[in-house]
Amino acid sequence: MVNNYSHFEEVIGPLRQGSRRSNIYTLDTSEEWWVGHFKYLRERGYMMRPRYRPGWKPSYDQDLRGIYKGMFAEDSQIMIHSAIMDALRISDSLVVAMKHVKISTSEDQIATLFSNDAHNLNPHNHCVRIIEILPVPEGNEKILVMAWMHEIMDPRFRTVGEAVQFLKEMVKGLQYMHQNNVAHRDCSMNNMAMEANAMYTRQYHPICPKKRYNWSARALHHSRTRCPPRYYLIDFGQSRMYDPSQPCGTEYALRSGGYTPPEGLADTPCDPFATDVFLLGNLMRTTFLDVEPGISGFEFLRPLVKDMVVDDPSKQPTMDEVAPQFLDIIDKVPWWKLRARAMKKDKFLLVKLFRAVYHVFWT
């Protein structure tokens, strides 16, 4: 439901896992499954793109010129994950993500739990909301309908404060899950996304968000400072709910976001809530602190991150300890620091000076 890290590795994060490629001229098996349910989904109020309508034929030829034209054609934009399809809600043109899942999976149960009225009204709940659940006419399956989400890192964070707001919402969101006895277990950047419609002057295309949905022109957007998005945790396929009256079980930690947990978390089953703390701390470290060429301006987070990524899970803080410490840290960051440029660590002084001056005028 997002669109790719480098190209979005997809969007919406759940998507990173199971990424796929297909033929721009023909539909593969998973695409044909969606086409086979076109009529049913239209009757339920959802319209898929032309590529996924019965009888679709490419708008480009199967020759060298057609290959070039197909690279830039709307109907060559292939779904990023075989289980996730984008569509327009006919009633109001909202772009949605439809995720095909098995009935009674943990993802189905947990996503539905955090989408009920009580949880949905809580401002600390940052779990993606299920708009509707559609039973698949045949088989032990269903389709979860959610608002389409955008990749976190595109457009880039322009100020320190924009990135801090993202981290704040993820800290509060993960704390909220833990307070409700649910461990995400895969909370890397891949499984976080933003609802960014307010940022865009026109609806962006779900697969190629730099283009408008109708493919007529470039999709322009405001900054996160002017039109703040809301950030969400997504993809609960590895999440687990635990009985609060019983001791928390242990789980083997997952390789999340391309990173293997340290020895204390990876080699033996451990507290899954501790794994979440490590993963979130690791996200802060690898995205805003220890990266090359890197981004500067976030050193105030290092003491907290150091505590979150210790090898021994018994020494890690809980999210109920992390959240107030995080809020206390950012409360002490002066306003001018939050408005400062989330600076890339430029090697050339002239480039650095130019970007600094430009940022002053932009601010």
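Residues numbered from 1 in each chain as written. Predicted model: local features only at pLDDT ≥ 70, side-chain atom pairs only at ≥ 80, totals over all residues. Heavy atoms only, no water.

In the annotation of an unreviewed UniProt entry, the protein is listed under the name Kinase-like domain-containing protein and assigned to Lentinula boryana.

## Brief notes about unusual backbone geometry
For clarity, the threshold we go by: Numbering goes from the N terminus for both helices and strands, where a helix is a DSSP run of H or I of at least four residues and a strand is a run of E of at least two. Throughout, exposure labels follow a simple rule: accessible area from a 1.4 Å probe, protein chains only, divided by the maximum for the residue type, with under 20% read as buried, over 50% as exposed, and the rest as partly exposed.
Going from Asp154 to Pro155, the amide bond is cis rather than trans, its omega being 5°. Summarising the element assignment, Pro155 is placed in the loop between β5 (141-147) and α6 (160-179). Located in the positive-phi region is Ser93, a residue other than glycine, with phi close to 65°. Position of Ser93 among the secondary structure elements: in the loop between β2 (84-89) and β3 (94-102). Residue classification places Ser93 among the partly exposed positions, given a relative accessible area of 46%. In the Ramachandran plot, Trp215 falls in the positive-phi region, its phi being about 65° despite a non-glycine side chain. With respect to the helices and strands, Trp215 occurs in the loop between β7 (192-195) and β8 (230-233). The exposure class of Trp215 is buried, given its relative accessible area of 17%.

## A few points about the environment of Asn23
Formally: The contact criterion used is simple: two residues touch if any of their non-hydrogen atoms lie within 4.5 Å. Under the rule applied, a polar contact is a pair of N or O atoms within 3.5 Å (in protein, one hydrogen donor and one hydrogen acceptor; residues adjacent in sequence only if both atoms are side-chain atoms).
Inspection of the secondary structure assignment puts Asn23 in the segment before α1 (29-36). Taking relative accessible area as the criterion, Asn23 reaches 37% and is therefore assigned partly exposed. It is 8.6 Å that separates the C-alpha atoms of Asn23 and Ser76, two residues lying 53 residues apart in sequence. For Asn23, the residues in contact, after removing those within four places along its chain, are Arg51 and Ile78. A distance of 2.7 Å separates a polar atom in the side chain of Asn23 from the backbone nitrogen of Tyr25.

## Here we look at the confidence of the model for the protein
Selection rule: For every residue, the pLDDT score states the predictor's confidence, bounded by 0 at the bottom and 100 at the top.
Averaged over every residue, the pLDDT of the protein is 85; residues scoring 70 or more account for 83%. Predicted confidence for residues 3-19 stays below pLDDT 50, and this span has 75 contacts to residues more than four positions away or in other chains.

## Remarks on the packing of α6 against helix α8 (residues 272-289)
Stated precisely, the cut-off is as follows: Every axis in this analysis is a line fitted to C-alpha atoms, fitted for helices over the stretch in contact. Angles between the N-to-C directions lie between 0 and 180 degrees. These descriptions rest on fixed angle ranges, namely under 35 degrees for roughly parallel, over 145 for roughly antiparallel, 65 to 115 for roughly perpendicular, and the rest for oblique. Classification used: nonpolar for Ala, Val, Leu, Ile, Met, Phe, Trp, Tyr, Cys and Pro, charged for Asp, Glu, Lys and Arg, polar for all others including Gly.
In the contact formed by α6 and α8, the axes pass within 11 Å of each other and the chain directions differ by 175°. Relative to α8, the element α6 lies roughly antiparallel. Of the residues in α8, those in contact with Ala163, Phe166, Leu167, Met170, Val171, Leu174 and His178 of α6 are Phe273, Asp276, Leu280, Leu283, Met284 and Phe288. Here the residues of the contact of α6 with α8 are counted per class, giving 11 nonpolar, 1 polar and 1 charged.

## Things to note about the pattern of salt bridges
The condition is simple: Should a side-chain nitrogen of Lys or Arg be within 4 Å of a carboxyl oxygen of Asp or Glu, the pair is scored as a salt bridge.
All told, the structure shown has 12 salt bridges when counted by the stated rule. Residues Arg49 and Asp86 are paired through a salt bridge, measuring 2.8 Å at the closest nitrogen-oxygen approach. A residue pair is termed long-range when its members are at least 10 positions apart, and Arg49 in the loop between β1 (46-47) and α3 (64-71) and Asp86 in strand β2 qualify at 37 residues. By relative accessible area, which is 2% here, Arg49 ends up buried.

## Focus on the nonpolar core
This is how the line gets drawn: Grouping buried Ala, Val, Leu, Ile, Met, Phe, Trp, Tyr and Cys residues that are joined through side-chain atoms within 4.5 Å yields what is termed a nonpolar core.
Counting 70 residues, the largest nonpolar core has Phe166, Met192, Leu280, Phe298 and Phe300 as the members making the most contacts within it. Counting residues per element, this core draws most heavily on α6, at 10 residues. With 19 residues, the next largest nonpolar core counts Tyr46, Met85, Ala87 and Met98 among its residues.

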